[in-house]
Amino acid sequence: AVSLSNPANVEYQVVRTTLLPGLLKTLQHNKSASFTNGFKLFEISDVVLPDNKHVVTDTIVGARNSRRLCAVYAGPTSGFEIIHGLVDRIMTLSEIAPDPKYAGTDGSRSGE
């Protein structure tokens, strides 16, 4: 966790380093909802990560913001195809192509 030395509020003394706990807490608060068609949540937000590489002074510990995406699916099925579709769509919109060494194979290790 990353702690702030001079937070504006006691509630924000420690900043988020991951998005998953917030999504799981939202799932918990909505457990009375019907999950028959699945329950899909996502969040895109910044988290704070320690960055000792860029320490400015002895009193200021380095940290950096990093944009993250977190998605959760809860339902009667495993939801693999739902998450796979989400990841595929994000990769397409972000214009991130698969590694050429991986793209030309079926994903298994060679020689097996």
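Residues numbered from 1 in each chain as written. Predicted model: local features only at pLDDT ≥ 70, side-chain atom pairs only at ≥ 80, totals over all residues. Heavy atoms only, no water.

1. Brief notes about the overall build of the protein chain
For step 1, the next point in the chain: Within the protein chain, the secondary structure is distributed over three helices and four strands.
For step 2, the next point in the chain: Secondary structure elements of the protein chain, listed N to C terminal, follow the sequence β-β-α-β-β-α-α.
For step 3, the next point in the chain: Contacts in the protein chain between residues far apart in sequence, at least 24 positions, make up 50% of those at least 6 positions apart.
For step 4, the next point in the chain: Accessible surface, the protein chain: about 9,200 Å² in total, of which carbon and sulfur atoms supply 54%. (Helix = DSSP H or I, 4+ residues; strand = E, 2+ residues; numbered from the N terminus. Contact = heavy atoms within 4.5 Å. Areas by Shrake-Rupley, 256 points an atom, 1.4 Å probe, with all protein chains shown as cover.)

2. Considerations on the pattern of salt bridges
For step 1, the next point in the chain: In the structure shown here, the tally under the stated rule is two salt bridges.
For step 2, the next point in the chain: The salt bridge involving Arg-16 is made with Glu-43; its shortest N-O contact spans 3.0 Å. Within this pair, whereas Arg-16 is found in the loop between β2 (14-15) and α1 (20-29), its partner Glu-43 is found in strand β3 (residues 39-50), the two being separated by 27 residues in sequence.
For step 3, the next point in the chain: We classify Arg-16 as partly exposed; its relative accessible area is 36%.
For step 4, the next point in the chain: Look at Glu-43 and you get partly exposed, because its relative accessible area is 22%.
For step 5, the next point in the chain: Here Arg-67 makes a salt bridge to Asp-46, at a shortest N to O gap of 2.6 Å. One end of the pair, Arg-67, is in strand β4 (residues 63-74); the other, Asp-46, is in strand β3, and 21 residues separate them in sequence.
For step 6, the next point in the chain: Judged by relative accessible area, Arg-67 falls into the exposed class, the value being 59%.
For step 7, the next point in the chain: The exposure class assigned to Asp-46 is partly exposed, which follows from its relative accessible area of 31%. (Salt bridge = Lys/Arg side-chain N within 4 Å of Asp/Glu carboxyl O. Buried < 20%, exposed > 50% of the residue type's maximum accessible area, 1.4 Å probe, protein only.)

3. Structural notes on the side chain of Ser-66
For step 1, the next point in the chain: Mapping Ser-66 onto the fold places it in strand β4.
For step 2, the next point in the chain: For Ser-66, a relative accessible area of 12% gives the class buried.
For step 3, the next point in the chain: Non-local contacts of Ser-66, meaning those with residues more than four positions away in its chain, are made with Ser-45, Asp-46, Val-47 and Leu-49.

4. Overview of the confidence of the model for the protein chain
For step 1, the next point in the chain: In this model, the protein chain carries a mean pLDDT of 80, and residues with pLDDT of at least 70 account for 82%.
For step 2, the next point in the chain: Here strand β1 (residues 2-3) stands out as the least confident element of the protein chain, with mean pLDDT 71; α1 is the most confident, with 91. (pLDDT = per-residue confidence, 0-100.)

5. Some details on the nonpolar core
For step 1, the next point in the chain: Leu-19, Leu-23, Leu-27, Phe-39, Leu-41, Val-47, Leu-49, Cys-70, Val-72 and Ala-74 together form the largest nonpolar core, which totals ten residues.
For step 2, the next point in the chain: Elements supplying a minimum of two residues to this core: α1, β3 and β4.
For step 3, the next point in the chain: A total of four residues in this core trace back to one element, the largest contributor, which is β3.
For step 4, the next point in the chain: In contact with Leu-19, not counting residues within four places along its chain, are Glu-43, Ser-45, Val-47, Arg-68, Leu-69 and Cys-70. (Core = buried A, V, L, I, M, F, W, Y, C linked by side-chain atoms within 4.5 Å.)

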